[in-house]
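Residue-level structural notes
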Amino acid sequence: MPNPPLGNLTAEQFLADYWQKKPLLIRQAVTRFDWLPELADLIALAGDEEVESRLIEQRKGKWLCESGPFKPARFKKLGDSDWTVLVQNVNHHQRFAAELLYRFDFIPHVRLDDLMISYAPPGGGVGPHFDSYDVFLLQVGGSKRWQISGQTDLTLVDGAPLKILERFEPEQEWVLEHGDMLYLPPKYAHNGVAIEAGQTWSIGFRAPTATELGGAFLDYLRDRIDLDGLYADPDLQRPADPARVPDDFIRRVAGMLAQIRWDEAEVRDFVGRYFSEPKSHVFYDSPDELLTEKAFAKAVTKQGVALDLKSVMLFDSERVYINGDALDADTAAFPALHQLANQRSLPAASYPPAVLDALFACYEYGYLHLAEG
Ligand code: SIN
Ligand code: CO
């Protein structure tokens, strides 16, 4: 199990005392960085159209917000202070960012969202706001002053291009230095302002609204329902008002719609597919030179496999899901596939044919790759 970046706290203590309950500051939560991007690396990511990015500027007390992709020249026009560039899903592009994100797997993968990186020169920040999900804010390089508040007044400035609290009443504040991390539960007001130029790495979580889930579940059902019957009214009487919808018509339609039912098995399947679905800008590349199934099996024995950084693999008691689909796999393959989903890689070893079949299907789509060996 990876060791959670929680300082002296165990994951169990963190979950019992802080998760979704109260803020926590952890000094020196992360001390080893195998990758430390420069501003130029973030500008390169922000220029990629498969990467979501935003640029936020404060000018004369006004907030301005632009969405990427950005040409490098855009950053030359910025001053020495008071702006922030934010790059989403860096874990899709950098192995170290993905490894760091998955060190937070004391929270189920289905709840993990992404690792976002922001860079700000002195004075830069995104303004006082709240997020609707939990967040870990890790300082990387430089320093930033964070002020937080448990205030219940969450009124936002009307008409601003981003979420800014109309009134912010800080209750606590800290200066975060390289490696320090602040955890905030959902809806906790916060404001971070860079003192020395540096980065904030945000580990964000998924907290869907009931409306989002309801809409997505109805889409799922629409693709699967097959209802019996055709509207019929052999007892029809001539109406006094031909334009009036007869109450009897409504009753018959209600009866037909009452056939729409679902059970927990459908909810389970929906959850596996929906929560492993890639975001709209995510694409997978099949290997340029596809190995035959036999050559692939031989290579797995020597090298093992690793999930693509963009892959999401989940499982429940019935099925294994990857990138929005249920994997067509024999139950004999489940132990190895569960290990792959949990650890995001499988070591070099000889695996039974059922496992190799499932791995090969994922390899063909570019959902996983042969590991370096
Ligand atoms: C930032 O990176 O400056 C903003 C992150 C946040 O407040 O959620
Ligand atoms: Co925030």
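Anyway, here's the lowdown on the structure attached to this text. (Residues numbered from 1 in each chain as written. Chains lettered and ligands numbered in written order. Predicted model: local features only at pLDDT ≥ 70, side-chain atom pairs only at ≥ 80, totals over all residues. Heavy atoms only, no water.)

Ligation of the cobalt ion (ligand 2) by protein atoms is provided by His129 (NE2), Asp131 (OD) and His190 (NE2), these donors lying 2.0 to 2.1 Å from the ion. Within one chain, the residues donating to the cobalt ion (ligand 2) are spaced in sequence as H-x1-D-x58-H. With Asp131 in the loop between β5 (112-120) and β6 (135-140) and His190 in strand β10 (residues 189-196), the pair connects residues that are 59 residues apart, well separated along the chain. A relative accessible area of 2% means that His190 is categorised as buried. (Donors = N, O, S within 2.8 Å, 3.2 Å for Na, K, Ca; no water. Helix = DSSP H or I, 4+ residues; strand = E, 2+ residues; numbered from the N terminus. Buried < 20%, exposed > 50% of the residue type's maximum accessible area, 1.4 Å probe, protein only.)

The next subject is the packing of aromatic side chains. Going through the model one piece at a time under the given rule, you end up with 31 aromatic pairs. Residues Trp83 and Tyr119 carry aromatic rings whose centres are separated by 5.7 Å and whose planes lie at 40° to one another, so their mutual orientation is tilted. Of the two residues, Trp83 is situated in strand β4 (residues 83-87) and Tyr119 in strand β5; the sequence distance between them amounts to 36 residues. The pair Trp83 / Tyr119 is uniform in exposure class, with both members buried. Summarising the aromatic geometry, the rings of Phe270 and Tyr274 are spaced 5.3 Å apart at their centres and angled 15° between planes, so their arrangement reads as stacked. Of this pair, Phe270 and Tyr274 both sit in helix α7 (residues 264-274), separated by four residues, roughly a single helical turn. With relative accessibility at 6%, the residue Phe270 sits in the buried group. Among the aromatic residues, those joined into a cluster by ring pairs are Phe14, Tyr18, Trp19, Phe104, Phe106, Phe136, Tyr183 and Phe205. Here the basic side chain of Lys163 rests over the ring of Phe130, its NZ or CZ set 4.2 Å away from the ring centre. In this structure, Arg206 packs its charged tip against the face of Tyr274, placed 5.8 Å from the ring centre. (Phe/Tyr/Trp six-rings, centres within 6.5 Å; stacked < 30°, edge-to-face > 60°. Lys NZ or Arg CZ within 6 Å of the ring centre and 35° of its normal.)

Turning next to the side chain of His92. Positionally, His92 belongs in the loop between β4 and α4 (95-102). If we skip the residues at most four places from it in the chain, His92 touches Val282, Leu309 and Lys310. (Contact = heavy atoms within 4.5 Å.)

This part takes up the site of ligand 1. Around ligand 1, the structure places Ser118, Val126, His129, Asp131, Leu137, Lys144, Trp146, His190, Thr200 and Ser202. Between Ser118 and ligand 1, the recorded distance is 2.6 Å, taken from a side-chain N or O atom to an oxygen atom. With respect to ligand 1, the side chain of His190 contributes an N or O atom lying 3.1 Å from an oxygen atom. If ligand 1 stood free it would expose 260 Å²; the protein chains cover 95% of that surface. When contributions to the shell around ligand 1 are tallied by element, the ones reaching two or more residues are β7 (143-149) and β11 (198-205). In terms of residue class, the shell around ligand 1 is made up of three nonpolar, five polar and two charged. (Near = heavy atom within 4 Å. Polar contact = N/O pair within 3.5 Å; in protein donor to acceptor, adjacent residues only side chain to side chain. Areas by Shrake-Rupley, 256 points an atom, 1.4 Å probe, with all protein chains shown as cover. Nonpolar A, V, L, I, M, F, W, Y, C, P; charged D, E, K, R; others polar.)

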